[in-house]
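Listed below, chain by chain, are the residues.
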Amino acid sequence: MEFLGEFLTYPFARRAIIAGLLLSVSAALLGVNLVLKRFSMLGDGLSHVSFGAAAVGLACGAAPLQFSIPIVIVAAFLLLRLKQNSKINGDAATAIVSSSALAVGITVASLTTGMNTDITNYMFGSVLALGKSEVMIAAFCGIIIIAVYILFYQKIFTVTFDEDFASVTGVKARLYNSINAIMTALIVVIGMRIMGALLISSIITFPALSSMRICKHYKCTVIVAAVVSVISFVTGILLSFTFDIPAGAAVVLTNLAIFLILSFVGRIKKI
């Protein structure tokens, strides 16, 4: 706690913690639904799209986050539609969109400014590069996502487990799938600055998978996933600060460690 207090004396640390905690909780909430619906690759695909959009935004002199949000939301709808209606396999469609977007981003970066510090920060993440405006955007989006999830919890729960039953009972399954896609897009964009486009999808899937090792009920899974996500983020940020390693990588490695521990605990409980 003393070390955490010392860490929080730095302005960049306070900005990272504020944005990161809201990001962690909102990502964990949505992650459970995405994993249960086997849409976990959606986050990975959108992370590549967000990098491509950020690279184009930087090349055009626009604010990367604001420029990326509408593009990634459109991509989320496209991927959702491809998964539901296309003859192309869902994972194949995601791979096509994500690899194409990543190629566009790398090409644009190479033809304009090259792989400079700014574009590298969006690819791999950088706590030091997080500005006040980006924290405000992250905080606003995070609060909205959490509020929407709580407000429509029951309907999201129903759609997650049985879309046909949800439709029969009057729940608009397509609408709530679209809401999930939009919220996932927002998480990917606001988390890109801290975690990096290549690693942001991990905080969507890891906490959900970790909680499923020890929880059997949906509500328990959601709560434990949120707790795991927050612990992983704070621990990862502190490790990053202490050992001078990228924050995104430190958070993912912490998530991996917790996943292995909870997997072991889950096995013990079954014995």
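These figures come from a predicted structure and were not determined experimentally.

A. Up close: the side chain of Thr160. Here Thr160 lies in helix H8 (residues 153–161). A polar atom in the side chain of Thr160 sits 2.7 Å from the backbone oxygen of Ile156. In contact with Thr160, other than residues within four places in its own chain, are Asn33, Leu36 and Lys37.

B. Representation of empty space enclosed by the protein in the model. This structure, assessed with the given rule, holds 1 cavity of 30 Å³ or more. Approximately 60 Å³ is the volume attributed to the largest cavity. Lining the largest cavity, in full, are Asn33, Leu34, Lys37, Phe39, Leu42, Leu80, Asn177, Asn180 and Ala181. Listing elements by their share of the lining of the largest cavity, those giving two or more residues are helix H2 (11–36) and helix H10 (173–195). Per-element tally for the lining of the largest cavity: the top contributor is H10, with 3 residues. Here the residues of the lining of the largest cavity are counted per class, giving 5 nonpolar, 3 polar and 1 charged.

C. The arrangement of the environment of Thr205 in detail. Position of Thr205 relative to the elements: it lies in helix H11 (residues 202–212). Along the sequence, Thr205 and Val32 sit 173 residues apart, while their C-alpha atoms lie 7.4 Å from each other.

Cut-offs and rules
Residues numbered from 1 in each chain as written. Predicted model: local features only at pLDDT ≥ 70, side-chain atom pairs only at ≥ 80, totals over all residues. Heavy atoms only, no water. Helix = DSSP H or I, 4+ residues; strand = E, 2+ residues; numbered from the N terminus. Polar contact = N/O pair within 3.5 Å; in protein donor to acceptor, adjacent residues only side chain to side chain. Contact = heavy atoms within 4.5 Å. 1 Å grid on protein atoms, 1.4 Å probe; cavity = no way out; pocket = protein on both sides within 12 Å on 5 of 7 lines; lining within 4 Å. Points joined across faces, edges and corners; volume = space filled by probe spheres on them. Nonpolar A, V, L, I, M, F, W, Y, C, P; charged D, E, K, R; others polar.

Remember that the coordinates give geometry; whether it matters functionally is a separate question.
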